[in-house]
Amino acid sequence: MRFVSQLTEHLQAVGQHADRQAFAALFEHFAPRIKGMMMRKGASDAQAEEVVQETFLAIWRQASRFDPTRAQASTWIYTIARNKYVDRVRKMRRPEPPPPPEPEPGADKALARHQDSAQLLENLNKLPPAQAAVLRYSFFEFQTQAQIAERLGLPLGTIKSRTRLGLRALRAHMETS
Amino acid sequence: MRTAHLLSEELLLAYAAGQSSEAMSLLAAAHLSLNPQAREVVARLEQTLAAGMESAPVASLAKDALPMLLARLDEAPETAVVVPRPALKTGFEIPEPLWPYLQNRDWKSVVPGRVKQVELGVRIGQTPLALVSMRPGFRVPTHSHHGAEFNLVLTGGFSDLDQDFLPGDVSERGPEHEHDMRVHEDGPCVVLVARDGPLIPRSATAHLASWLTGF
């Protein structure tokens, strides 16, 4: 996982000594993915570009707060992009919990366990097909449960319970893999 | 360890994905502030969503996107608005996400001496979220709902359908559930209530009698 740890190093270089080259490298990797995610979420091209700009400004300003023992670089960047999406595209306030107190022993280890998309896909493939289908829409297409219900022509309640069961099974697979 | 009552995972997923309404995000944020298990579930969901983002079909950026960004790096950031702790008297630490919604708001008596509440400046449909404070031993009469009801315990505890709910727990009841709530005897209980529509008491008389007597 050389590539992944390189992204973490870039993010730390930005946080520790405002390294512009490392910042540009992060942009090159994540910006097209963030824009892709925004387009899937239904943002316009202009909104998606705006979210990318705002996300990277926040990365530049907040990188010193990134703690690799608590989150992967991609997760940390994902949460910033999501918050900018709520702010700029949905135009809503997003209440957030305050930063957690000291992590419980072992908790950070569990979270730091790397989870990449190949592994996620593999775990999804182990689920009952109906549950896997719903979760694929959630995680790869970024659809809301209402959108998934409409797409599959199923009641919202069915999508909710498949999501619930699927997430439970997915977690069980992740803990054993 | 006692199993915490968490908000159901599809709602935590909607929160982690940035898809919840402001009211449901507030409920989730207050829940996470008090409940490390819920926080861990959301952290894992965010990790999974980030894995999805990694594999998202890439979209090419405008040609000047990076130069434009680099030119903005030295801009002074907007100063963040600091929301003070609300003046509301509670006798417990109000979770921080609730602070902006409780500015200049105060308790109103619902059942004198037994129940009081303060409405927050955010609604689900027509129904505002509210903090409801109930005295020890108070019983909410048997009722159901038009929609879903969520009660997040902020302090104290209550029993509902033979389950105990303590600080950080959420009870989630759908329109199909008829239930009552009994506050534990060892102290008052304050819950954050998010409700999709008004309560439906089982009988008008029972409703009136129980709210007047508290039992």
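Sequence order sets the numbering: in each chain, residues are counted from 1 along the sequence as written. Lettering for chains starts from A, numbering for ligands starts from 1, and both go in the order in which the items are written. Per-residue local features are limited, in this predicted model, to residues with pLDDT of at least 70; the limit for side-chain atom pairs, both in listing and counting, is 80 or more; totals at the level of whole chains, interfaces and linings are taken over all residues. Excluding hydrogens and water, the side-chain figures rest on all heavy atoms present in the structure.

### Side note on the overall build of chain A
Reasoning step 1: What counts as a helix is a DSSP run of H or I of at least four residues, what counts as a strand is a run of E of at least two, and both are numbered from the N terminus. Looking only at helices and strands, chain A has 9 helices and 0 strands in total.
Reasoning step 2: Secondary structure elements in chain A, listed N-terminal to C-terminal, are α-α-α-α-α-α-α-α-α.
Reasoning step 3: Note on exposure labels: buried denotes an accessible area under 20% of the residue type's maximum, exposed denotes more than 50%, and partly exposed covers the range between, all computed with a 1.4 Å probe on protein chains only. Residue burial in chain A is summarised as follows: out of 177 residues, 46% are buried.
Reasoning step 4: Within chain A, counting contacts between residues at least 6 apart in sequence, those at least 24 apart form 58% of the total.
Reasoning step 5: Note on areas: these come from Shrake-Rupley sampling with a 1.4 Å probe, and a residue is covered only by the protein chains present in the view. Accessible surface, chain A: about 8,600 Å² in total, of which carbon and sulfur atoms supply 52%. Note on contacts: a residue pair is in contact if any heavy atoms of the two residues lie within 4.5 Å.

### Side note on the confidence of the model for chain B
Reasoning step 1: pLDDT measures the predictor's confidence residue by residue and takes values from 0 up to 100. The predicted model of chain B averages 89 in pLDDT, with 91% of residues at 70 or higher.
Reasoning step 2: Within chain B, no element has a lower average pLDDT than helix 5 (residues 204-213) of chain B, which sits at 53, and none a higher one than helix 2 (residues 22-34) of chain B, at 97.

### A look at the interface of chain A and chain B
Reasoning step 1: Of the residues lining the interface, 66 residues belong to chain A; the matching set on chain B comes to 58 residues.
Reasoning step 2: Area buried by chain A at its contact with chain B is led by A:Q53, A:R93 and A:P95, which between them contribute 11% of it.
Reasoning step 3: What makes a salt bridge here is a side-chain nitrogen of Lys or Arg within 4 Å of a carboxyl oxygen of Asp or Glu, nothing more. Remark: the boundary between chain A and chain B carries 7 salt bridges.
Reasoning step 4: Ionic pairing is found between B:E22 and A:R93, a salt bridge with its closest N-O pair at 3.5 Å.
Reasoning step 5: We define a polar contact as two N or O atoms separated by no more than 3.5 Å, with the added condition that, inside protein, one atom must be a possible hydrogen donor and the other a possible acceptor, whereas residues neighbouring each other in sequence contribute only through side-chain atom pairs. Counting the contacts that link chain A with chain B gives 27 residue pairs in polar contact (both at pLDDT 80 or more).
Reasoning step 6: Of all the secondary-structure elements, those providing two or more residues to the side of chain A that touches chain B are helix 2 (20-40), helix 3 (45-62), helix 4 (73-88), helix 5 (107-112), helix 6 (117-125), helix 7 (129-140) and helix 9 (156-176) of chain A.
Reasoning step 7: With 15 residues, helix 2 of chain A is the largest single contributor of residues to the side of chain A that touches chain B. Each of two parts loses accessible area, computed with a 1.4 Å probe, when they are put together; buried area is these two losses added.

### Section: the pattern of salt bridges
Reasoning step 1: Following the criterion strictly, the structure yields 23 salt bridges over all chains and no others.
Reasoning step 2: A salt bridge links A:K35 to A:E49, with the nearest nitrogen and oxygen atoms 2.8 Å apart. In this pair, A:K35 sits in helix 2 while A:E49 sits in helix 3, placing the two residues 14 residues apart along the sequence.
Reasoning step 3: For A:E49, a relative accessible area of 12% corresponds to the buried category.
Reasoning step 4: Taking the shortest distance from any N to any O, the salt bridge between B:E10 and A:R164 comes out at 2.7 Å. Note that B:E10 is positioned in helix 1 (residues 9-16) and A:R164 in helix 9, a pairing that runs across two chains.
Reasoning step 5: Overall, the relative accessible area of 2% leaves B:E10 in the buried class.
Reasoning step 6: Classification of A:R164 by relative accessible area gives partly exposed; the value is 30%.
Reasoning step 7: One salt-bridge network, in which partners are shared between bridges, spans A:E50, A:E54, A:D87, A:R88, B:R72 and B:E75.

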